[in-house]
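Fold and geometry: a report
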Amino acid sequence: MDLTFSPAEEEFRTELRSWLSAHIPEEWTRTGFWESLDDDESFRLRRDWERDKADAGFAGIQWPTEYGGRGGTPGMKAIYDEEMVRAQAPRTVNPLGLTFLAPTVMAIGTDAQKKDIIGPLLRNEVVWCQGFSEPGAGSDLAALSTKGVRDGDDFVVNGQKVWTTNAVHGDKIFTMVRTEAGSEKHRGISMLLIDMDQPGVTARPLRQMSGASEFGEVFFDDARVPAADCLGEIGDGWRTAMLLLSFERGASGISQYTEFRRQYDEIAAVARRLGRDTDPVIRDDLARVLVELECLRLHSMHVLTQVEQGRDLGFEASMTKLQWSEAFQDLWEVYDRILGEDATLDALPDGTDLRPLHGQAMWSRSVTIWGGSSQVQRNVTAERVLGLPR
């Protein structure tokens, strides 16, 4: 495991840190700023800022230069993730497109798809959402029932997707559709690229318990999609989806660790303000979760080392998802125990605003479910990494 970065990578860190310092307004880093905005205003500010960042050359860090990227190393991408968190930079409005769709299009897209999708996505001219989960197909994605019936050069799509990130603000959606009548499980599925702004496509927000509406549900009612807008081969969408999801691997744990470590310090400060930092049980809880976080950091550096050596991690990505999601949830469970009955308050007696922390605590309940539940990740790790029987 290599815990260091090269001189060129550290030079990139300095350049990025300088740009972020000059282009993030101070008010954006104040506690509660983003929570004070409505969803539309927050999205607009983040979209414009991220477009400026792309114009400055700080987007697509590891993408090939031929696609508008920087052509950087895995280490540079890890530094980018780390510095974005440290600077409290706005969250990307195009996470699914940047992380999953673009690399997949680079790998298997047609020349027309590469031209039409990658550049506009990098510059945030087109925001993508992902249509995988359905009311009857969550972790068991192969149980999806949204159908596409061929009609000349088009597919006519009917069905529903749910828990769709950016559903309301998305311009287009890459979605799994069963395009072969009578097919079951992993066969007969295609990944279609659908324009959200057309008749037959309706997106509705889903209000979360934190008050945010990051997710939505999408309804297809005789929506027409050109067959040419299929990513990968028609009927071979499962293979396309597995390739797409594989791009989540790599150094993703670096940014999570950096963010969680800052949140840990905020939670420890709350314990001190409430005089609960001397409670031996609370101190033990904080120490235990700190050890978890440091294990996440070391695991993330191990993964980064493997990626830099050209190793295909494959199903080991399940270990990373399992580790960061469980550590994050454990961290916020400690926060709940520290507050006790004070969890009902919006602020501490000294005026400290708890609402942003409450929002993170509520969000933490979801992370062991989406992106593959912890139960699924344990099964994958047991069978595909450790070689245990089904």
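These numbers were taken from a predicted model, which means no experiment stands behind them. (Residues numbered from 1 in each chain as written. Predicted model: local features only at pLDDT ≥ 70, side-chain atom pairs only at ≥ 80, totals over all residues. Heavy atoms only, no water.)

Let us look at the overall build of the protein. Secondary structure assignment for the protein yields 11 helices and 7 strands. Against the compact-globule benchmark of 21 Å for 390 residues, the protein has a radius of gyration of 22 Å, which places it among compact chains. Across its three principal directions, the C-alpha atoms of the protein cover 70 × 50 × 50 Å. Expressed as a percentage of the 390 residues in the protein, the buried residues total 49%. Once local pairs closer than 6 in sequence are excluded, the contacts in the protein between residues at least 24 apart make up 73%. A total of about 18900 Å² of accessible surface is found on the protein, and carbon and sulfur atoms cover 51% of it. (Helix = DSSP H or I, 4+ residues; strand = E, 2+ residues; numbered from the N terminus. Rg over C-alpha atoms; globule rule 2.2 N^0.38 Å. Buried < 20%, exposed > 50% of the residue type's maximum accessible area, 1.4 Å probe, protein only. Contact = heavy atoms within 4.5 Å. Areas by Shrake-Rupley, 256 points an atom, 1.4 Å probe, with all protein chains shown as cover.)

Another point: the packing of aromatic side chains. Within this structure, the stated rule accounts for 15 aromatic pairs. Relative to F174, the ring of F132 lies with its centre 6.3 Å away and its plane at 85 degrees, an arrangement referred to as edge-to-face. Placement of the pair is F132 in the loop between β1 (128–131) and β2 (147–151) and F174 in strand β4 (residues 172–178), with a sequence separation of 42 residues. Judged by centre distance (6.5 Å) and plane angle (70 degrees), the rings of F328 and W332 are edge-to-face. Of this pair, F328 and W332 are both found in helix α9 (residues 317–339), 4 residues apart, which corresponds to roughly one turn of the helix. Across the pair, exposure class does not vary: F328 and W332 are buried alike. (Phe/Tyr/Trp six-rings, centres within 6.5 Å; stacked < 30°, edge-to-face > 60°.)

A pair of packed helices is characterised by two quantities: the angle between their axes and the separation of those axes. For the pair helix α4 (residues 95–108) and helix α6 (residues 237–246), interaxial distance at closest approach is 8 Å and the crossing angle is 120 degrees. In terms of orientation, α4 and α6 fall into the oblique class. Read as a crossing pair, α4 and α6 show a hand that is right-handed. Residues F100, L101, T104, A107 and I108 of α4 touch α6, and the partners they reach there are T240, L243, L244 and L245. Taken together, the residues that form the contact of α4 with α6 break down as 7 nonpolar, 2 polar and no charged. (Axes fitted to C-alpha atoms, helices over the stretch in contact; angles between N-to-C directions. Parallel < 35°, antiparallel > 145°, perpendicular 65-115°, else oblique. Left-handed = near helix turned anticlockwise from the far one by under 90°. Nonpolar A, V, L, I, M, F, W, Y, C, P; charged D, E, K, R; others polar.)

Here α9 is 23 residues long and its end C-alpha atoms lie 34 Å apart, about the 33 Å a rise of 1.5 Å per residue gives. Counting buried positions along α9 gives 17 out of 23 residues, so the element sits mostly inside the fold. At the exit of α9 stands G340, carrying a positive phi of roughly 60 degrees. (Expected span 1.5 Å × (residues − 1).)

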